[in-house]
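# Report on the structure
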Amino acid sequence: GAGVSQSPRYKVAKRGQDVALRCDPISGHVSLFWYQQALGQGPEFLTYFQNEAQLDKSGLPSDRFFAERPEGSVSTLKIQRTQQEDSAVYLCASSDLAGGPYNEQFFGPGTRLTVL
Amino acid sequence: DQQVKQNSPSLSVQEGRISILNCDYTNSMFDYFLWYKKYPAEGPTFLISISSIKDKNEDGRFTVFLNKSAKHLSLHIVPSQPGDSAVYFCAARDGTASKLTFGTGTRLQVTL
């Protein structure tokens, strides 16, 4: 498919477990974003990559959250020692030009994480 | 501190009528605004955008109006169709950052 894909689509974790969420951006897209959407809220920015460089991680809520994009394509968002407040939909988005403020972000379907 | 606000959580409109969705913002550094539409179990999809140098942008049935002095924008859908039923998010970006700041969304229901 030509769109942004994310896996898994649904993840249930016990409190304290580590999870890894994967994002496959649109081929050739330079920029990649992660957002967190809590129930009844809008997406909130977590972190931003331009190719393999993580240029902004100001939205990561704690040091339990870590993101990487080692080859400038696929990205993984890792959450260590999950807590109940981490339950949310995690959205990945990509865009095709670096640095431009007007580039459309294309979103994936998200991963719904439930921490019990 | 909510920098982008959508004060109406839901809106119901009859098919064929106009839908007006509102959005307010507080950050004067925002210079580009977008509307996204979201269906259940899908990611947001881009609908229409407007730069702060304009006060109106139109694309088919969708028009976005920007009032910079009031820090207010609105999305007009004319005529509304049942397939427009979805959650609509207003988002904003400032020129120095690539990230989007979203509102909390308005659920639009278009009834027959």
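Residues numbered from 1 in each chain as written. Chains lettered and ligands numbered in written order. Predicted model: local features only at pLDDT ≥ 70, side-chain atom pairs only at ≥ 80, totals over all residues. Heavy atoms only, no water.

## Digging into the overall build of chain A
Defined as follows: Here a helix means four or more residues in a row that DSSP labels H or I, a strand means two or more in a row labelled E, and each is numbered from the N terminus. The size measure is the radius of gyration over C-alpha atoms, and the globule rule it meets is 2.2 Å times the number of residues to the 0.38 power. Relative accessibility decides the category of a residue: with a 1.4 Å probe and only protein chains considered, values under 20% of the type maximum give buried, values over 50% give exposed, and everything between is partly exposed. Contacts are assigned to residue pairs with any non-hydrogen atoms lying within 4.5 Å of each other. The positive count covers Lys and Arg only, the negative count covers Asp and Glu only, and His and the chain ends enter neither. A single reference atom marks each charge: NZ on Lys, CZ on Arg, CG on Asp, CD on Glu.
Across its full length, chain A carries zero helices and eleven strands. Ordered by position in the sequence, the α and β elements of chain A form the string β-β-β-β-β-β-β-β-β-β-β. Compactness check: chain A gives a C-alpha radius of gyration of 13 Å against a globular reference of 13 Å for 116 residues, within 12% of the reference. Each principal axis of the C-alpha atoms in chain A carries an extent, and together these give about 40 × 30 × 25 Å. Going through the 116 residues of chain A one by one, you find that 45% of them count as buried. Contacts in chain A between residues at least 24 apart in sequence constitute 54% of all its contacts with a sequence separation of at least 6. With 11 positive and 12 negative side-chain charges, chain A shows a spacing of 10 Å between the two charge centroids.

## Some remarks on the nonpolar core
All names here are of chain B. In plain terms, the rule: Only buried residues count toward a nonpolar core, which is a set of Ala, Val, Leu, Ile, Met, Phe, Trp, Tyr and Cys residues joined through side-chain atoms within 4.5 Å.
Grouped together as the largest cluster of nonpolar side chains are 23 residues, with contacts concentrated most on Phe33, Trp35, Leu73, Leu75 and Tyr88. Looking at this core, the elements with two or more residues in it are β3 (19-25), β4 (30-38), β5 (45-51), β7 (62-67), β8 (72-77), β9 (86-94) and β11 (106-111). For this core, the element with the most residues is β9, which contributes four residues. Apart from the residues within four sequence positions on either side, Phe33 is in contact with Tyr25, Ile48, Ser49, Ile50, Ser52, Leu66, Leu73, Ala91 and Ala92.

## Some points on the sheet that holds strand β3 (residues 19-24) of chain A
Residue and element names in this part refer to chain A. For the record, the criterion: Two strands are counted as paired when DSSP detects at least two bridges linking them. All axes here are fitted lines through C-alpha atoms, helices being fitted over the stretch that makes contact, and every angle between N-to-C directions spans 0 to 180 degrees.
As summarised here, the arrangement of the four strands in space is β1-β3-β8-β7, forming an open sheet in which the pairing is antiparallel. The outermost strands of the open sheet, each flanked by one partner alone, are β1 (5-7) and β7 (65-68). Between one strand and the next, the sheet's axes are offset by a mean angle of 15°, whatever the strand orientation. Two elements, β7 and strand β8 (residues 75-79), share four bridges in a ladder whose sense is antiparallel. Within the sheet, the bridge partner assigned to Glu68 lies in β8 and is Thr76.

## Concerning the pattern of salt bridges
Residue and element names in this part refer to chain A. Quick reminder of the rule: Just to be clear on terms, a salt bridge is a Lys or Arg side-chain nitrogen sitting within 4 Å of an Asp or Glu carboxyl oxygen.
This structure, assessed with the given rule, holds five salt bridges over all chains. Across the pair Arg22 and Asp24 runs a salt bridge whose closest N-O atoms are separated by 2.7 Å. For Arg22, a relative accessible area of 38% translates into the label partly exposed. Across the pair Glu68 and Lys78 runs a salt bridge, and its minimum N-O distance is 3.3 Å. In this pair, Glu68 sits in strand β7 while Lys78 sits in strand β8, placing the two residues ten residues apart along the sequence.

## Points about the sheet that holds strand β1 (residues 4-5) of chain B
Residue and element names in this part refer to chain B. Pairing is antiparallel in the open sheet, where five strands are placed in the order β1-β3-β8-β7-β6. On the outer flanks of this sheet lie β1 and β6 (56-59), each paired with one strand and no other. The sheet contact formed by β7 and β8 spans six bridges and is antiparallel. Looking across to β8, one finds that Phe65 is bridged to Ser74.

## Considerations on the pairing of β5(B)
All names here are of chain B. Within β5, five of the seven residues are buried, leaving the element largely enclosed by the surrounding structure. One ladder, built from six bridges, connects β4 with β5; its direction is antiparallel. Within β5, the residue paired with Phe33 across the bridge is Ile50. Here β4 folds back onto β5, and the loop between the two strands holds six residues, one of which, Ala41, carries a positive phi near 65°.

## So, the packing of aromatic side chains
For clarity, the threshold we go by: Pairs were defined over the aromatic rings of Phe, Tyr and Trp, the Trp ring being its six-membered one, requiring ring centres within 6.5 Å. Orientation was assigned from the angle between planes: stacked under 30 degrees, edge-to-face over 60, tilted for the rest.
Per the counting criterion, the structure on display carries 14 aromatic pairs over all chains. Relative to Phe45(A), the ring of Tyr35(A) has its centre 6.1 Å away and its plane inclined at 75°; by these criteria the two rings are edge-to-face. Within this pair, whereas Tyr35(A) is found in strand β4 (residues 31-37), its partner Phe45(A) is found in strand β5 (residues 44-50), the two being separated by ten residues in sequence. Accessibility assignment for this pair places Tyr35(A) and Phe45(A) in one class, buried. Here the aromatic rings of Phe89(B) and Phe102(B) are separated by 6.2 Å at their centres, their planes lie at 85°, and the arrangement is edge-to-face. On the criterion of sequence distance, the pair formed by Phe89(B) in strand β9 and Phe102(B) in strand β10 (residues 101-102) is long-range, its members being 13 residues apart. With relative accessibility at 2%, the residue Phe89(B) sits in the buried group. By relative accessible area, which is 5% here, Phe102(B) ends up buried. A connected cluster of aromatic rings, assembled from ring pairs, spans Phe33(A), Tyr35(A), Phe45(A), Tyr48(A), Phe107(A), Tyr36(B), Phe46(B), Phe89(B) and Phe102(B).

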